[in-house]
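Fold and geometry: a report
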Amino acid sequence: MSLFIPDFDDSVVVRAAGAEEIHYGPDSTLRLLADSSAAGGFLSTMRVSLRAGSDGARPHHHGRSAEMFYVIDGTTQLLAGDKVVTAEAGDLVVVPPGQQHAFAATPGESAEMLVVITPGVERFEYFRHLERIRFGKVPPESLLDVQDLYDTYFGTSTVWEDARTLRDQ
């Protein structure tokens, strides 16, 4: 195992008022806090707000990075490998590189999460790309062209689909 030594020598301070917001419809907001380049490649971090029962990210994995989800408020459903975990305020879930994961607000509940990806990969442009898809500026299949660039590979999960289908019943 190799040791990753970040390459930055000053503290990173991001004020709430200065954080860029990405809106994925009326149900979710992503606040971009610090991308990999700001933290010497050590991490990328964002805050995710989801309205009651709304979807966050569909099943995917990262080949080189672990992802941490800290629930600030509310309740979330998280796919972690082959199981769906319900996490509440104060709970932490970390998925290793290569493990499929997804997240959403639990039916009837909203959620606020801090998400940290480490080591960092420049991902803020990826989230801007998702917003362009939402507004019809680029087609959804354009994500397939940037999977390697953002170390984000989409998959499917019957366990996740089953858990999310129950919310609609």
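One structure accompanies this document, and this report is about it. This structure is a prediction, so every number in the text was calculated from the model and none was measured.

Conventions we followed
- Residues numbered from 1 in each chain as written.
- Predicted model: local features only at pLDDT ≥ 70, side-chain atom pairs only at ≥ 80, totals over all residues.
- Heavy atoms only, no water.
- Helix = DSSP H or I, 4+ residues; strand = E, 2+ residues; numbered from the N terminus.
- Rg over C-alpha atoms; globule rule 2.2 N^0.38 Å.
- Buried < 20%, exposed > 50% of the residue type's maximum accessible area, 1.4 Å probe, protein only.
- Contact = heavy atoms within 4.5 Å.
- Areas by Shrake-Rupley, 256 points an atom, 1.4 Å probe, with all protein chains shown as cover.
- Lys, Arg positive; Asp, Glu negative; His and termini not counted.
- Charge placed at Lys NZ, Arg CZ, Asp CG, Glu CD.
- Phe/Tyr/Trp six-rings, centres within 6.5 Å; stacked < 30°, edge-to-face > 60°.
- Patch = residues over 30% accessible without salt bridge, like charges linked within 9 Å, V, L, I, M, F, W, Y side chains within 5 Å.
- Salt bridge = Lys/Arg side-chain N within 4 Å of Asp/Glu carboxyl O.
- Polar contact = N/O pair within 3.5 Å; in protein donor to acceptor, adjacent residues only side chain to side chain.
- Pairing = 2+ DSSP bridges.

Another aspect to go through is the overall build of the protein. Counting secondary structure elements, the protein contains three helices and 10 strands. When the helices and strands of the protein are listed from N to C terminus, the series reads β-β-β-β-β-β-β-β-β-α-α-β-α. Relative to the 2.2 N^0.38 estimate, which gives 15 Å for 169 residues, the radius of gyration of the protein is 16 Å and therefore close to what a compact globule would have. C-alpha extents for the protein along the principal axes are approximately 50 × 35 × 30 Å. In the protein, which comprises 169 residues, the proportion classed as buried is 43%. Considering only contacts in the protein between residues 6 or more positions apart, those separated by 24 or more positions represent 70%. Total accessible area on the protein stands at roughly 9100 Å², and carbon and sulfur atoms take up 53% of it. Averaging the coordinates of the 14 positive side-chain charges in the protein and doing the same for the 25 negative ones gives two points 4 Å apart.

Quick look at the packing of aromatic side chains now. One pass over the full model with this rule turns up three aromatic pairs. Relative to Phe 103, the ring of Phe 69 has its centre 5.5 Å away and its plane inclined at 55°; by these criteria the two rings are tilted. With a gap of 34 residues between them, Phe 69 in strand β5 (residues 66–80) and Phe 103 in strand β8 (residues 101–105) connect regions that are remote in the sequence. On the basis of an interplanar angle of 70° and a centroid distance of 5.2 Å, the ring pair of Tyr 126 and Phe 127 is categorised as edge-to-face. Each member of the pair, Tyr 126 as well as Phe 127, is classed as buried. Through a chain of ring-to-ring contacts, the aromatic side chains of Tyr 126, Phe 127 and Tyr 150 assemble into a single cluster.

Turning next to a nonpolar patch on the surface. The grouping of Phe 8, Val 12, Val 14 and Phe 42 at the surface amounts to a nonpolar patch, some 310 Å² of accessible area in total. A residue is classified by how much of its surface remains accessible, and Phe 42, at 36% relative accessible area, is partly exposed.

Mapped onto the elements, Thr 45 comes out in strand β3 (residues 44–50). Taking the relative accessible area as the measure of exposure, Thr 45 reaches 11% and is therefore buried. For the pair Thr 45 and Asp 151, spaced 106 residues apart in sequence, the C-alpha separation works out to 15 Å. Contact partners of Thr 45, with chain neighbours within four places excluded, come to Leu 32, Leu 33, Ala 34, Leu 114, Val 115, Val 116 and Phe 124. Engagement of the side chain of Thr 45 in a polar contact is seen with the backbone oxygen of Val 115, the distance being 3.0 Å.

Moving on, we get to the pairing of strand β7 (residues 92–95). With burial as the criterion, only one face of β7 is covered, namely that bearing Val 93 and Val 95; the residues Leu 92 and Val 94 on the opposite face remain uncovered. Here β5 pairs with β7 via four bridges, running antiparallel. Residue pairing for β7: Met 68 is matched across the bridge by Val 94.

Attention now goes to the pattern of salt bridges. Applying the stated criterion to the full structure yields eight salt bridges. Between Glu 21 and Arg 31 there is a salt bridge, and its shortest N-O distance comes to 3.2 Å. With a gap of 10 residues between them, Glu 21 in strand β1 (residues 20–23) and Arg 31 in strand β2 (residues 28–34) connect regions that are remote in the sequence. Note that Glu 125 and Arg 128 form a salt bridge whose closest N and O atoms lie 3.3 Å from each other. Of the two residues, Glu 125 and Arg 128 both sit in helix α1 (residues 124–134), three residues apart, roughly one turn of that helix. Residue Glu 125 is classed as partly exposed on the basis of its relative accessible area, which comes to 32%. The exposure class of Arg 128 is partly exposed, given its relative accessible area of 26%. Within the structure, one salt-bridge network assembled from shared partners comprises Glu 20, Glu 125, Arg 128 and Arg 132.

Functional significance is not addressed by these values, which are geometric in nature.
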